[in-house]
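# Structure assessment
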Amino acid sequence: MVMCKGGENMSEQLLEKILHVVTDIQKELHDIREEQRSIREEQKLIREEQQAIRQEQQAIRQEQQAIRQEQQAIREEQKALKNGQKELYDLMNALLHRQDETDAKLEALTMDVHHMRGEMAAMKQEIHALHEKVDSHYEQFNERLNNLQLDVDFTVHKTTMTERELFKMRNRLFS
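Now for a description of the structure that goes with this document. Remember, it's a predicted structure, so these values are computed and weren't measured experimentally. (Residues numbered from 1 in each chain as written. Predicted model: local features only at pLDDT ≥ 70, side-chain atom pairs only at ≥ 80, totals over all residues. Heavy atoms only, no water.)

## So, the environment of G84
Rules: Strands here are runs of E lasting at least two residues and helices are runs of H or I lasting at least four, both read from the DSSP assignment and numbered beginning at the N terminus.
With respect to the element layout, G84 can be found in helix 1 (residues 5-174). As a C-alpha pair, G84 and L96 span 12 residues in sequence and 18 Å in three-dimensional space.

## Here we look at a negative patch on the surface
Test applied: Patches here are clusters of residues that have more than 30% relative accessible area and form no salt bridge, with a 9 Å joining cutoff for like charges and a 5 Å cutoff for nonpolar side chains (Val, Leu, Ile, Met, Phe, Trp, Tyr). Throughout, the Shrake-Rupley method with a 1.4 Å probe supplies accessible areas, and for residues the shown protein chains are the sole cover considered. Salt bridge, as used here, is a side-chain nitrogen of Lys or Arg placed within 4 Å of a carboxyl oxygen of Asp or Glu. The convention is simple: Lys and Arg are positive, Asp and Glu are negative, and His and the chain ends are not counted. Here the site of a charge means atom NZ of a Lys, CZ of an Arg, CG of an Asp or CD of a Glu.
A grouping of D24, E28, D31 and E35 is seen on the molecular surface, where their side chains present a negatively charged patch. Within the element layout of this structure, E35 appears in helix 1.

## Some thoughts on the environment of K124
Among the secondary structure elements, K124 is positioned in helix 1. Between the C-alpha atoms of K124 and D100, which are 24 residues apart in sequence, the distance is 35 Å.

## Here's the deal with the pattern of salt bridges
Once the charged atoms of two side chains with opposite charge are near each other, the side chains can pair. Rule in force here: Residue burial is assigned from relative accessible area. The probe radius is 1.4 Å, only protein chains are included, and a residue is buried under 20% of its type maximum, exposed over 50%, and partly exposed in between.
The full count for this structure, using the stated rule, is 3 salt bridges. Across the pair E34 and R37 runs a salt bridge, and its minimum N-O distance is 2.1 Å. In this pair, E34 and R37 are both assigned in helix 1, 3 residues apart and thus about one turn of the helix distant. A salt bridge links K86 to D90; the shortest N-O distance between them is 3.0 Å. Taken together, the positions of K86 and D90, both in helix 1 and 4 residues apart, correspond to about one turn of that helix. A relative accessible area of 36% places D90 in the partly exposed class.

Right, dumping it as structure tokens:
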């Protein structure tokens, strides 16, 4: 290659420009590689963060599943409580109905007792009146009985006297 002085300058200048462009390209490549490495590190960090987020999401899903199971258990307990509450409500209604029936029966019994007391008071009065009548009749009967006793005694005495007189007469007549 023959170079002239002016051409040499040009070649050198061209080489220098190429060298400068290659150096710039190398710098850019280096910068790009650094940027890629930085991006890769960021991607790695992002992947790690994503993995952590996925793990957190998995934990959240598990917690949600546990919460759903607890909610289901609570729903079942609520259902059982509602059924128990309905049974208690029905039982309470039955008890109230029975209480009403018992109250009505008690009221009827109370009325019957009052009626019976009235009848018993009337019977006591009647018995008292009968006692008075019986006592009065007893006294009359006793008086009559005493009179009869006296009459019988008188009749016996009179009969005895008459028999004595008859005996005396017989003895006189037949003696």
